[in-house]
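In case you want the letters, here they are:
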Amino acid sequence: MTFVETPRLLLRKVTEDDFPYFRADLADKEMDRMMLRWPCETEEEIRLGFEWFLYKEERAYAIVHKETGETIGNLTVYNRVPECVANHEAVQGKNGKALSFAILPAFQRRGYMYEAVSGVIDHLFRVEKADYINCGYFDFNTASAAVQKKFGFRYFSTHTFTPKGGTPVTVIENILMREEYFASHN
């Protein structure tokens, strides 16, 4: 079932057929660094990571290139935003959604992610009536920061946390308000 369709892409629920994409994504060391995830080094670890998207992430979507049918990325919509955002007085009581997305390096810098995320943002505001959308990034992930800026996400807050056995990392939380989106897209 299609969640969002754009001129070049379909976003649909992750299926078993998407395993080749996730194998490439979950084995990519640079993607691990940018997303601060535990490296998957064996086929079993990759399979477990994939099954998380397949069975645990309620709104995990494959980004599929219409012309080739190839899965080139993934996007997850979270119906809950992080507590550090939800508890802020500026958004308390409002309907917030959060996004996370990734695309294979071979498909970066071709406008695919912009196209996919644009379609999802439009859907979340127009169809699901979200009041705001949250998107965060680690302070060293300049590519994610640039993509978010293109959409009009603005700075909301900064927080630091220390992953188990790791060093502290800084997370920048951005939001895009419904009113701001419609003001710039009408």
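Residue indices begin from 1 for each chain and proceed along its sequence in written order. Local features in this predicted model are restricted to residues whose pLDDT is 70 or higher, and side-chain atom pairs enter the listing and the counts only when it is 80 or higher, whereas totals over whole chains, interfaces and linings include all residues. Calculated side-chain values reflect all of the structure's heavy atoms, with hydrogen atoms and water omitted.

## Details of the pattern of salt bridges
Salt bridge, as used here, is a side-chain nitrogen of Lys or Arg placed within 4 Å of a carboxyl oxygen of Asp or Glu. Within this structure, the stated rule accounts for 9 salt bridges. Among the ionic pairs, Glu-5 bridges to Lys-66, the shortest N-O distance being 2.7 Å. Taken as a pair, Glu-5 in strand β1 (residues 2–5) and Lys-66 in the loop between β3 (60–65) and β4 (71–78) lie far apart in primary sequence, 61 residues in all. When salt bridges with common partners are traced through the structure, they connect Glu-16, Arg-47 and Glu-51 into a single cluster. Strands are runs of DSSP state E lasting at least two residues, helices are runs of H or I lasting at least four, and both sets are numbered from the N terminus onward.

## Some points on the pairing of strand β2 (residues 9–13)
Here β1 pairs with β2 via 3 bridges, running antiparallel. Along β2, the bridge assignment pairs Val-4 with Leu-11. Turn length for the β1-β2 hairpin, with the two strands adjacent in sequence and antiparallel, is 3 residues. We treat two strands as partners when DSSP finds at least two bridges between them. Bridge count for β2 against β3 is 5 bridges, and the pairing is antiparallel. Bridging from a neighbouring strand, Leu-10 pairs with Val-64 of β3.

## Some remarks on helix α3 (residues 43–56)
A helix is expected to span 1.5 Å multiplied by its residue count minus one. Between its first and last C-alpha, α3 extends 19 Å over 14 residues, near the 20 Å set by a 1.5 Å rise per residue. For this analysis, residues touch if any pair of their heavy atoms sits within 4.5 Å. Along its buried surface, α3 packs onto α1 (19–26), β3 and β4.

## Re the state of the cysteines
In plain terms, two cysteine sulfur atoms within 2.5 Å form what is called a disulfide here. What the rule picks out here adds up to 0 disulfides. Take Cys-84: it sits in no disulfide, and the sulfur closest to it among the cysteines is that of Cys-135, at 13 Å. We call a residue buried when its accessible area falls under 20% of the maximum for its residue type, exposed when it is over 50%, and partly exposed in between, using a 1.4 Å probe and counting protein chains only. Accessibility expressed as a relative area gives 2% for Cys-135, which makes it buried.

## Quick notes on the confidence of the model for the protein chain
pLDDT is a per-residue confidence score from the predictor, ranging from 0 to 100. For the protein chain, per-residue confidence averages 88 on the pLDDT scale, and residues scoring 70 or more make up 92% of the total. The least confident element of the protein chain is helix α2 (residues 29–35), whose mean pLDDT is 57; the most confident is β2, at 97.

## Focus on the sheet that holds β2
Spatially, 8 strands are ordered β1-β2-β3-β4-β5-β6-β8-β7 in an open sheet, and the strand pairing comes out mixed. Both outer strands of the open sheet, β1 and β7 (154–161), are each paired with one neighbouring strand and no more. Geometrically, the sheet is characterised by an average inter-axis angle of 25 degrees between neighbouring strands, direction not taken into account. Of the strands in this sheet, β1, β2, β3, β4, β5 (96–103), β6 (132–138) and β8 (169–177) touch helix α5 (residues 112–126), which is tilted by about 165 degrees from β5. With respect to the sheet, helix α6 (residues 142–151) is in contact with β5, β6 and β8, its orientation differing from that of β6 by roughly 160 degrees. Axis angles are defined between N-to-C directions and span 0 to 180 degrees, where every axis is a line fitted to C-alpha atoms and, for a helix, only to the segment in contact.

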